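# Report on the structure
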Amino acid sequence: MADYEIDVKKLTRKAMRALTWRLRLTRGSLAVERVMTQFWLLITWTLALLAIVRLGLLIDMPQAVAIAVFAVGALVWLWLFARGIRRFRWPTVLDAKARLDADIPGRPLQALDDSLAIGSADAGARYLWARHLQKMADLARGSQAARPHVRLARRDPWALRLIAVFVFGGAVLFGRSDPVQSLVQSLTADGPIVATGPSWEGWAEPPAYTGKPAVYLNDIAKGDTLELPEGTRITLRIYGATEGATLSETVTGGTDRDGNVAIEAGENGFGETTLEVVKSGSLSLVPPQGPDAGWDIAMIADEDPQVALTGEITRTVQGALQMPFEARDDYGVEGGSVKIELALDAVDRRYGLTLDPEPRDMVSLDLPLPFTRKTAAFEETLVEDLAEHPWAGLPVRIVMTVVDELGQTGTVVPEIGPMPGKRFFDTMAAAVAEQRRDLLWNRENAKRITMVLKAITYQPEVAFERRGQKAYLIIRTALRRMEYNAGAPLTDSVRDEVAEMLWKAALLIEDGDLADARERLKRAQERLSEAMKNGATQDEIQQLMDELRQATNEYMRQLAEEQRNDSDQQQAENGQTREMSQDQLQQLMDRIQELMEQGRMDEAQALMEQLQQMMENMRVTESQNGQGGQNQQAMEGLGDTLREQQDLADDTYRDLQEQFDQNRQQQNESPDPQLPDGNQQGENQGEGQPQDRDGQGQSQQQRQGQGGQSPGMTPGQLADRQQALRQMLEQQRQGFDQNGVQGGEELSESLNEAERQMGEAERNLQEGNSADALNNQADAMESLREGMRRLGEAQRQAQSDQSGQQGTEPGQGEDDARDPLGRPLSETGRIGTNERLVPTEEQYRRSREVMDEIRKRSGDRTRPSLELEYLKRLLDRF
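In this text the structure is predicted, and so the values were computed from the model without any measurement. (Residues numbered from 1 in each chain as written. Predicted model: local features only at pLDDT ≥ 70, side-chain atom pairs only at ≥ 80, totals over all residues. Heavy atoms only, no water.)

### Looking at the overall build of the protein
Across its full length, the protein holds 26 helices and 18 strands. Taken over 878 residues, the protein has a buried fraction of 39%. For the protein, the share of sequence-separated contacts (at least 6 apart) that also reach a separation of at least 24 residues comes to 72%. Total accessible area computed for the protein in this model is approximately 50400 Å², and 50% of it derives from carbon and sulfur atoms. (Helix = DSSP H or I, 4+ residues; strand = E, 2+ residues; numbered from the N terminus. Buried < 20%, exposed > 50% of the residue type's maximum accessible area, 1.4 Å probe, protein only. Contact = heavy atoms within 4.5 Å. Areas by Shrake-Rupley, 256 points an atom, 1.4 Å probe, with all protein chains shown as cover.)

Quick look at the structure:
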């Protein structure tokens, strides 16, 4: 055993050195505990005495009473101090070891201090003892310094210590600023002291809109400089007699010479005066008693608000005014406005503008402010619809003004330019709008306007062929309304009524409501050509191009419909036709828009003419027979039924999961699930409760409206939905037989199976068996998918047979099934394709996300077994 000897003393010393700081911290914790235990009464009494002095409670007492209270408090304080000193014991190292050892299993510190009692001569015993001490040293090194445990609740059941702390805190915050002086005065004065505070007080209150805090002048040293915003109100109050008090200031007068302000005592027993800072200066006060006070005031001037345009004044496509601007102020903009008045000197006084305009008030608009009310610096855009204003398009003077809280204003230099308004690209619409403007300019233009409108409506079958008869009738009504006056000046009501009708007519002519796709396409082409001639904004170009694209698509659909209904139309010879893909047509329109945006109007006009010629020479080949159309409608109907069934299955699954969650919650809330009552409660959860008319128990009623997309959906309501779906499928199947939809026996079998599964699901839902109903619904959806596959196969077979009969020449069958852009037509003759489209990357990504989520949930074994089975079926199927 000599080779295994361990130096026990060295091991003990090393372990104790590692515990040196922990023992010191533990001794400190013990000292805190003993100090608080022995001196908590002294600390509480000290805080109470300080609170009494700080609050000045001895001031109003007679001198003898104040001295007696002070003496009693001092004697009690000395007794408590002596009592604490007598009972206090400073903690030793042994105390720290015992405290630290008590928190460690096995009491390793005590073991390190022990020695081997017997067997010290035995080497094996010494070795075992050394190994034991080594293990105890390892345990001791893992210890932590003890934290102080101050438990005073048992010693202070009335929480007097907390009351003293609370009162002392209030005295510090709201008590006197000179407690020592007030204590001395209360102990030396012959009677109660009348003065209970300073002989004067003062406040400087900046305007509320500045957001600056008030300043208590008593805390400001004499001679300091105060920076105060303009408009700050300084209030000075003198307590007691005001004789001998003088106040001089130079912050309110118009000169720099000092001026004395009289302070007279009021009814409340004190004198008060208020000053408003309007410039920098000085303020000095000589109170009746106490030291003088005086400060230099540096006024922070309130700067004028500033406003500026951040861009050009523009208009929207519909003619609304757009005015971007920015405004700033040192304390925030309070409001602003825009004034618009007619710049008569800049108006081109010709035609209907030759006469002097009738008096009209200027336009006044409020500037928008941020909702956050942080208006020190902001950017906004004023948007206002002035398209119908009589000055729209005429030179106007626009003045923008902002104002701050002080009433100071900032203004943008007036700009003269045309008032934004709606732009008419149709020449007739522009002419009608011009007559409306002339009427509102001066009603004496009525005779001239009548002649112009008669000329416009002279041959309506020509002028309004593509502009609609409704606009013609509105113009004629306006004509008759003006002619009723028989030469007398129009009244205000008649003038406004006629102007409203002319505006509606102009909008109808411009925007139109043509039902014919050919006319809409021509109108879109004409409006775009007019924009090329007269110029247009980027937004207007975008709107016109969107209108042209929409009109082109509608025109091609109309061509396809006409070809399907006109069996006598003959296809042009293959050598004389040229196909253009949809991408090529889109590229041509994009090129036209690009040239217009670049200002190359001549090139854009040339491409526009080419597009017009191609659209006029479009032809459509023969479409397929009507059998495909019936199959297509049948396919769409089954698709709708499948989607409705999927939605119902989702609602059923949510209802099933809610039932499971509630059952598990009730089992967790049961006091002892092993007791017979608990078992009986669990067994009767779904059976023993009374069922309502929909087959749902009381627990289900309590869950209505708590989740899912169908709040409040009961099993009875789910069964009603399932019944409606089954009846809809039955009507569709009967319609297939009547309309001759071909799908074979396989289609009939699939639909019959789907209908049978729907009936089973309906019965299970009525019985409250949501799990089996969910299985039936899954089988019904699979049967519907199988029926749609059978129907699609029959549809493709019919298409293939027809192509074989018509394709007498190579490629002829393919040409017969294409629209003007070279796209294959569907079985119904509509533009589109029946080919399976390649899924996009986004569709692939979404599919992967869904499958990953299903796999993740299926791997969570804490989920209900019904949910895991449902997820497994999804993985097996997809």
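### Focus on unusual backbone geometry
One non-glycine residue, Ala 159, lies in positive phi territory at about 55°. Position of Ala 159 relative to the elements: it lies in the loop between α6 (123-141) and α7 (160-174). Overall, the relative accessible area of 23% leaves Ala 159 in the partly exposed class. A positive phi angle, near 55°, is found at Tyr 351, a position not held by glycine. With respect to the helices and strands, the residue Tyr 351 is situated in the loop between β13 (333-342) and β14 (363-366). For Tyr 351, a relative accessible area of 54% translates into the label exposed.

### Examining the packing of helix α2 (residues 20-55) against α7
Viewed as axis vectors pointing N to C, α2 and α7 meet at an angle of 30°, and their least axial separation amounts to 8 Å. When the axis of α2 is compared with that of α7, the two are roughly parallel. Seen from above, α2 lies across α7 with left-handed handedness. When α2 is examined against α7, the residues Trp 40, Thr 44, Leu 47, Leu 50, Ala 51, Arg 54 and Leu 55 are found in contact with a partner set consisting of Leu 160, Arg 161, Ala 164, Val 165, Val 167, Phe 168, Ala 171 and Val 172. For the contact of α2 with α7, the class distribution of residues is 12 nonpolar, 1 polar and 2 charged. (Axes fitted to C-alpha atoms, helices over the stretch in contact; angles between N-to-C directions. Parallel < 35°, antiparallel > 145°, perpendicular 65-115°, else oblique. Left-handed = near helix turned anticlockwise from the far one by under 90°. Nonpolar A, V, L, I, M, F, W, Y, C, P; charged D, E, K, R; others polar.)

### What to know about the sheet that holds strand β4 (residues 233-239)
Spatial ordering of the open sheet is given by β2-β1-β4-β7, a layout of 4 strands whose pairing is antiparallel. The open sheet has two edge strands, β2 (215-216) and β7 (270-276), and neither has a second partner. Strand direction decides the pairing type here: β4 and β7, joined by 7 bridges, are antiparallel. Looking at the pairing, Tyr 239 lines up with Phe 270 of β7. (Pairing = 2+ DSSP bridges.)

### Here we look at the pairing of β13
For β13, a buried count of 7 out of 10 residues is recorded, marking the element as mostly surrounded by other parts of the structure. Here 4 bridges tie β13 to β14, and the two strands are oriented antiparallel to one another. For Ile 340, the partnering residue across the bridge sits in β14 and is Val 363.

### Details of the side chain of Glu 201
Considering the arrangement of structural elements, one finds Glu 201 in strand β1 (residues 200-205). A distance of 2.6 Å separates a polar atom in the side chain of Glu 201 from a polar atom in the side chain of Tyr 216. (Polar contact = N/O pair within 3.5 Å; in protein donor to acceptor, adjacent residues only side chain to side chain.)

### Some thoughts on a positive patch on the surface
A surface patch of like charges, here positive, comprises Lys 10, Arg 13, Lys 14 and Arg 17. Relative to the helices and strands, Arg 13 resides in helix α1 (residues 8-18). (Patch = residues over 30% accessible without salt bridge, like charges linked within 9 Å, V, L, I, M, F, W, Y side chains within 5 Å. Salt bridge = Lys/Arg side-chain N within 4 Å of Asp/Glu carboxyl O. Lys, Arg positive; Asp, Glu negative; His and termini not counted. Charge placed at Lys NZ, Arg CZ, Asp CG, Glu CD.)

### Regarding the pattern of salt bridges
Tallied over the entire structure, the rule returns 29 salt bridges. With its nearest N and O atoms 2.1 Å apart, the salt bridge here joins Asp 640 to Arg 643. With Asp 640 and Arg 643 both in helix α18 (residues 627-669), this residue pair falls 3 residues apart, about one helical turn. Of the charged contacts in the structure, one is a salt bridge between Arg 789 and Glu 786, with a shortest N-O distance of 2.6 Å.

### A look at the packing of helix α9 (residues 427-441) against helix α10 (residues 446-456)
Relative to each other, α9 and α10 sit at 165°, their axes nearing to 9 Å. Here α9 is positioned roughly antiparallel relative to α10, judged by the angle of their axes. In the packing of α9 onto α10, the handedness of the crossing is left-handed. In this structure, α9 uses Met 428, Ala 431, Val 432, Gln 435, Asp 438 and Leu 439 to contact α10, whose residues at the interface are Ala 446, Arg 448, Ile 449, Val 452, Leu 453 and Ile 456. Looking at the contact of α9 with α10 residue by residue, the classes come out as 9 nonpolar, 1 polar and 2 charged.

### Side note on helix α22 (residues 744-766)
Counted at 1.5 Å a residue, the expected span for α22 with its 23 residues is 33 Å, and the 34 Å between its end C-alpha atoms agrees. Buried within α22 are the following residues: Leu 747, Ser 750, Leu 751, Ala 754, Glu 755, Gln 757, Met 758, Ala 761, Glu 762, Asn 764 and Leu 765. One or two residues past the end of α22 sits Gly 768, with phi positive at roughly 80°. (Expected span 1.5 Å × (residues − 1).)

### Quick word on the environment of Glu 597
Secondary-structure assignment places Glu 597 in helix α16 (residues 582-597). Apart from residues no more than four positions distant in its own chain, Glu 597 is found in contact with Gln 538 and Ile 541.

### Side note on a negative patch on the surface
Negative charge collects at one region of the surface, where Glu 384, Asp 385, Glu 388 and Glu 500 lie side by side. Secondary-structure assignment places Asp 385 in strand β15 (residues 377-385).

### Points about the packing of aromatic side chains
Per the counting criterion, the structure on display carries 10 aromatic pairs. Considering the side-chain rings of Tyr 209 and Tyr 331, the 5.8 Å spacing of their centres and the 75° angle between planes classify their relative orientation as edge-to-face. Of this pair, Tyr 209 sits in the loop between β1 and β2 while Tyr 331 sits in the loop between β12 (320-328) and β13, and the two are 122 residues apart along the sequence. For Tyr 209, a relative accessible area of 23% translates into the label partly exposed. We classify Tyr 331 as buried; its relative accessible area is 18%. One aromatic cluster is present, formed by Phe 39, Trp 77, Phe 81, Phe 88 and Trp 90 through successive ring pairs. Its guanidinium or amino end placed over the ring of Trp 21, Arg 24 lies 4.9 Å from that ring's centre, counting from NZ or CZ. (Phe/Tyr/Trp six-rings, centres within 6.5 Å; stacked < 30°, edge-to-face > 60°. Lys NZ or Arg CZ within 6 Å of the ring centre and 35° of its normal.)

### Some remarks on a nonpolar patch on the surface
Together, Leu 55, Leu 57, Trp 158, Leu 160, Ile 163, Phe 166 and Val 167 make up a nonpolar patch on the protein surface, roughly 780 Å² of accessible area in all. It is α7 that provides the largest number of residues to the nonpolar patch, a total of 4 residues.

### Some words on α6
Here α6 contains 19 residues, and its C-alpha end-to-end distance of 27 Å stays within 8% of the 27 Å for a straight helix at 1.5 Å per residue. Residues Ala 123, Gly 124, Trp 129, Ala 130, Leu 133, Met 136, Ala 137 and Ala 140 constitute the buried set of α6.

Remember, this is a structural readout, not a statement about activity or role.
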